[in-house]
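Fold and geometry: a report
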Amino acid sequence: MNISTNANYGPNFKALYVEKAGMGETASYLAESIARQIDYLACMEKLDNQGIDTIIIKDPKNSEDRAMVAFIDPKNRLFKIGKRDHIKTNKSYDLKSRSMVYDENLETVIKAANDIANGKLTKKTSKMTQTLAAILKEIPIRSNSFDGMEPLSDIGIDFTV
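Residues numbered from 1 in each chain as written. Predicted model: local features only at pLDDT ≥ 70, side-chain atom pairs only at ≥ 80, totals over all residues. Heavy atoms only, no water.

Scanning the protein for helices and strands turns up 4 helices and 8 strands. Helices and strands in the protein line up, N terminus first, as β-β-β-α-α-β-β-β-β-β-α-α. In the protein, buried positions account for 41% of the 161 residues. (Helix = DSSP H or I, 4+ residues; strand = E, 2+ residues; numbered from the N terminus. Buried < 20%, exposed > 50% of the residue type's maximum accessible area, 1.4 Å probe, protein only.)

Right under this line is the structure:
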């Protein structure tokens, strides 16, 4: 993960962050698949330049089968996608084959990423949510430790004895 401080944005993370710890095999596979495909999106660099990160973590309510994708600004506010502040991978039961069917829900993720990058999706959360709490638990450095702090500048090292 690339972390640096910037006077304009505060902490700057990598555009895409995936935390698979605690995920089941299916959720981990879906998270990897999403990460591989969205890492090549043209809008990812645009999101990074805007200080917006894409975070993929386990779904706290279903860590075996599902992953969650969220878009977060430098002030730890999540973008609202529809009525939620995250996107989940899909899971459904196929009656014909009598088996569970999983998919990345990639179309929704790509649409949300493009809409955020192009300024069409601007609604954000204003308080702590379950998704944000889950993100801060998985990525503690994103906590508000940098909020309101100016990065140190003009740091010099005195090599004289």
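Back to the text.
Summing up the model confidence of the protein, the mean pLDDT is 83 and the portion of residues at 70 or higher is 79%. The low-confidence segment residues 1-10 (pLDDT under 50) makes 21 contacts with residues lying over four places distant or belonging to another chain. For the stretch residues 148-152, pLDDT sits under 50, and the model shows 3 contacts to residues farther than four places along the chain or on other chains. (pLDDT = per-residue confidence, 0-100. Contact = heavy atoms within 4.5 Å.)

With 14 residues, helix 1 (residues 25-38) ought to run about 20 Å at 1.5 Å a step, and its terminal C-alpha atoms sit 20 Å apart, in line with that. Along helix 1, the residues classified as buried are A27, S28, L30, A31, S33, I34, A35 and I38. (Expected span 1.5 Å × (residues − 1).)

Once that is clear, we can look at the side chain of N62. The residue N62 is located in the loop between strand 4 (53-58) and strand 5 (67-72) in this model. Here D65 takes part through its backbone nitrogen, which lies 3.4 Å from a polar atom of the side chain of N62. (Polar contact = N/O pair within 3.5 Å; in protein donor to acceptor, adjacent residues only side chain to side chain.)

Another point: the sheet that holds strand 6 (residues 87-88). In space, the 4 strands of this open sheet follow the order 3-4-5-6, with mixed pairing throughout. Strands with a single pairing partner mark the edges of an open sheet, and in this sheet they are strand 3 (16-18) and strand 6. Relative to strand 4, strand 3 is paired through 3 bridges, and the arrangement is parallel. Paired with L16 across the two strands is T54, which belongs to strand 4. Against the sheet, helix 3 (residues 106-117) contacts strand 5 and strand 6, and its axis sits at roughly 5° relative to strand 5. (Pairing = 2+ DSSP bridges. Axes fitted to C-alpha atoms, helices over the stretch in contact; angles between N-to-C directions.)

Among all positions in helix 4 (residues 130-138), only T131, L132, A134, I135, L136 and E138 are buried. Structurally, helix 4 contributes buried residues whose contacts are with strand 4 and strand 5.

Considering only enclosed or pocket space, the second largest pocket measures out at about 210 Å³ in volume. Lining the second largest pocket are 13 residues, with K61, M68, H86, Q130 and T131 positioned closest to its centre. Among the elements that take part in the lining of the second largest pocket, helix 4 stands out by supplying 4 residues, more than any other. Considering only residue class, the lining of the second largest pocket consists of 4 nonpolar, 4 polar and 5 charged. (1 Å grid on protein atoms, 1.4 Å probe; cavity = no way out; pocket = protein on both sides within 12 Å on 5 of 7 lines; lining within 4 Å. Points joined across faces, edges and corners; volume = space filled by probe spheres on them. Nonpolar A, V, L, I, M, F, W, Y, C, P; charged D, E, K, R; others polar.)

Quick look at the pairing of strand 5 now. With respect to burial, strand 5 is a largely interior element, 6 of its 6 residues being buried. Residues A67, V69 and F71 of strand 5 are buried on one face, and the alternating residues M68, A70 and I72, pointing to the opposite face, are buried as well. In this structure, strand 4 lies alongside strand 5, joined through 6 bridges in antiparallel fashion. Note that in strand 5 the partner of I56 across the bridge is V69. One ladder, built from 2 bridges, connects strand 5 with strand 6; its direction is antiparallel. Within strand 6, the position partnered with V69 by the bridge is I87.

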